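# A look at the structure
Each chain is listed here by its residues.
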Amino acid sequence: QQIDLGTSRLVDLTHPFNSETIYWPTSPSAFQLQQLAHGDTEGGYFYAANAFCSPEHGGTHLDAPIHFAENRRTAEQIPLKQLVAPAVVIDVAEAPARIRDYQLTLADVIEFEERHGMIRPGTIVLLRTGWSRYWPERFEYLGDDTPGDASRLHFPSYGADAARLLVEERKVAALGVDVASIDYGQSRDFRVHRIAAEGNVPGFENLTNLDELPPQGAVVVALPMKIERGSGGP
């Protein structure tokens, strides 16, 4: 699929990294920006530079397969064809409005395919729950804001049966979602992460602006920080 930048509309699917960036409740740290220089120099020109520190997993970021499966790909090993690929958007935003812990079902995927055609191998699947409207309000976005406690989180995401169909049968390139995890908030066994990771399928979490994409026809360009041996990256 060719991209004509002269006629295409570009949509940013990421949240900026700053002091409000949401991380998993058990993360020991968050995004930090340290100013190293900002001002006029002795040479008479302006100069600015910063240092930053961040966990791999937080904000809009990549989950590499190694995150949940031993001996699977680390961040720098993911082929570009899984990061730059045609995309479909499965929109279930109406369901989470009624059921906060909604999980994408097998029936949801089949219904999508009946309308738009079978999802092709190498496609990036993006799940729109509408949850990005809560960013960066931690309590609304995660369902709980207790530091260090991930047991009371409530937000929608993929269900295991739907993920298994997409990963094992449709052979998708990646799974993405506009919530904090490709598993729903109350998950204890992270089955979707494990299914995706076992198939060397990366995940994109904390996306935004999925409402601006069509159900099919978009192309995703996702180039996370290439951290050698990383389990993910911004």
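Coordinates for the structure precede this section.
An account of the accompanying structure is given in this report. In this text the structure is predicted, and so the values were computed from the model without any measurement.

## Concerning the sheet that holds strand β6 (residues 124-128)
On the basis of which strands lie adjacent, the open sheet formed by seven strands has the order β10-β4-β6-β8-β9-β3-β11 and mixed pairing. Only two strands of the sheet have a single partner each, and these edge strands are β10 (216-221) and β11 (232-233).

## Comments concerning empty space enclosed by the protein
Evaluated as defined, the whole model comprises one cavity of 30 Å³ or more. Its volume calculated, the largest cavity comes out at about 50 Å³. Residue lining of the largest cavity: D63, A64, P65, H67, F68, I182, H193, A196, A197, V201, P202 and G203, and that is the complete set. It is helix α5 (residues 191-198) that contributes the most residues to the lining of the largest cavity, three residues altogether. Its residues assigned to classes, the lining of the largest cavity comprises eight nonpolar, three polar and one charged.

## Things to note about the pattern of salt bridges
Within the structure shown, the criterion is met by nine salt bridges. In this structure, the salt-bridge partner of R128 is D91, at a minimum N-O distance of 2.8 Å. A residue pair is termed long-range when its members are at least 10 positions apart, and R128 in strand β6 and D91 in strand β4 (residues 84-91) qualify at 37 residues. A salt bridge links R152 to D149, with the shortest nitrogen-to-oxygen separation between them at 3.2 Å. Through salt bridges with shared partners, one network takes in E113, E169 and R170.

Definitions and cut-offs
- Residues numbered from 1 in each chain as written.
- Predicted model: local features only at pLDDT ≥ 70, side-chain atom pairs only at ≥ 80, totals over all residues.
- Heavy atoms only, no water.
- Pairing = 2+ DSSP bridges.
- Helix = DSSP H or I, 4+ residues; strand = E, 2+ residues; numbered from the N terminus.
- 1 Å grid on protein atoms, 1.4 Å probe; cavity = no way out; pocket = protein on both sides within 12 Å on 5 of 7 lines; lining within 4 Å.
- Points joined across faces, edges and corners; volume = space filled by probe spheres on them.
- Nonpolar A, V, L, I, M, F, W, Y, C, P; charged D, E, K, R; others polar.
- Salt bridge = Lys/Arg side-chain N within 4 Å of Asp/Glu carboxyl O.

Worth remembering: the numbers are spatial, not functional.
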